[in-house]
Amino acid sequence: MHLFVEFNDSTFTEMLPEILSSCANVSFMIESIDNVEEIGVKRRNVMIFASNFQSLSSLFGLMTSTKFALDGFYTIVMQTISDDNASRVFRSFWKKFLYNVNIITMSEDDGCVVMKTFLPFRENACHQSNPIVIKEFHEKWNGKDFFPYKFKSFHNCTIRAGTFEYAPAVIRSENDE
């Protein structure tokens, strides 16, 4: 597991020892949110601690397909984040082809801890990055599925696919029908 921490935020640096002590059987690597270097392997299981959208957005420019696995799992922990900013976060990951993304934050309504994600293909909502609550924490997380499958159904949404002619498997036809 790779942990990205905003080290200039005392909230996370104080929480980190407690979090890590509860992960006794998990190997992890702690990195700064401001400096993502090549490490020889793609980061696949990533947890990001950020205090605000601006610090998180600085990480987006450093996220490349040589450093992060497209099929990885990404969990962002933020004390609070508006739905507008959460949507911007999900859209930024979507543009990088990173789909298994969750945000753990405090609910704006009742203050409980919630996990949000985005479902890009829903009925009557195509290519959306709007956050939806998938889990709530009440002494433990409800349910088991932390990363719901997002491509089970495209709900009649239009998608684009690129291809090329490669005979005999793919042959372009001049026929308009």
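Nothing here was measured: the structure is a model prediction, and the numbers come from that model.

(A) Focus on the state of the cysteines. Counting across every chain of the model gives one disulfide. Here C126 is linked by a disulfide to C157, with a sulfur-sulfur distance of 2.1 Å. Sign of the S-S torsion, about -85° for the bond between C126 and C157, identifies this disulfide as left-handed. Highlighted residues: C126 in strand β8 (residues 125–126) and C157 in the segment after β9 (131–137), separated in sequence by 31 residues. Under the relative-accessibility criterion, C126 is labelled partly exposed at 31%.

(B) Representation of the packing of aromatic side chains. This structure, assessed with the given rule, holds 15 aromatic pairs. Pairing F73 with F147 gives two aromatic rings, centres 4.9 Å apart and planes at 65°, and the pair type is edge-to-face. Remark: F147 occurs in the segment after β9 and F73 occurs in strand β4 (residues 68–77); sequence separation between them is 74 residues. Stacked on the ring of F146, the Lys or Arg K135 has its end atom at 4.8 Å from the ring centre.

(C) Structural view of the pattern of salt bridges. Tallied over the full model, the rule gives two salt bridges. Across the salt bridge formed by R44 and D71, the nearest N and O atoms sit 2.2 Å from each other. With R44 in strand β3 (residues 43–49) and D71 in strand β4, this residue pair connects regions lying 27 residues apart in the sequence. For the salt bridge of D83 with K116, the shortest nitrogen-to-oxygen distance reads 2.8 Å. Separated by 33 residues along the polypeptide, D83 in helix α3 (residues 83–95) and K116 in strand β6 (residues 113–118) bring together distant segments of the chain. Classification of D83 as partly exposed rests on a relative accessible area of 37%. On the basis of relative accessibility, which here comes to 7%, the residue K116 falls in the buried class.

(D) How the structure looks around the pairing of β4. Taking burial as the measure, the 10 residues of β4 include seven buried ones, the bulk of the element. Relative to β4, β3 is paired through six bridges, and the arrangement is parallel. Looking at the pairing, M47 lines up with T75 of β4. Bridge count between β4 and strand β5 (residues 101–106): four bridges; the pairing is parallel. The partner of Y74 across the bridge, within β5, is V101.

(E) The nonpolar core, seen in detail. Membership of the largest hydrophobic core comes to 24 residues, with the highest contact counts inside it found for I48, L56, I76, V89 and F93. Sorting the residues of this core by element identifies β3, α2 (53–60), β4, α3 and β5 as the ones contributing at least two each. Among residues more than four places away in sequence, those in contact with I48 are F4, I33, L56, L59, T75, I76, V77 and F93. Within the second largest apolar cluster, seven residues are counted, among which are V5, V77, I104 and M115.

(F) Expanded view of the side chain of T75. Its location among the elements puts T75 in strand β4. Owing to a relative accessible area of 11%, T75 belongs among the buried residues under this scheme. In contact with T75, not counting residues within four places along its chain, are V46, M47, I48, N102, I104 and F147.

(G) Molecular detail of the confidence of the model for the protein chain. Here the protein chain shows a mean pLDDT of 83. Residues at 70 or above account for 87%. When pLDDT is averaged over each helix and strand of the protein chain, the minimum, 62, is found for helix α1 (residues 10–21) and the maximum, 94, for β6.

Reading guide: rules and limits
- Residues numbered from 1 in each chain as written.
- Predicted model: local features only at pLDDT ≥ 70, side-chain atom pairs only at ≥ 80, totals over all residues.
- Heavy atoms only, no water.
- Disulfide = S-S within 2.5 Å.
- Helix = DSSP H or I, 4+ residues; strand = E, 2+ residues; numbered from the N terminus.
- Buried < 20%, exposed > 50% of the residue type's maximum accessible area, 1.4 Å probe, protein only.
- Phe/Tyr/Trp six-rings, centres within 6.5 Å; stacked < 30°, edge-to-face > 60°.
- Lys NZ or Arg CZ within 6 Å of the ring centre and 35° of its normal.
- Salt bridge = Lys/Arg side-chain N within 4 Å of Asp/Glu carboxyl O.
- Pairing = 2+ DSSP bridges.
- Core = buried A, V, L, I, M, F, W, Y, C linked by side-chain atoms within 4.5 Å.
- Contact = heavy atoms within 4.5 Å.
- pLDDT = per-residue confidence, 0-100.

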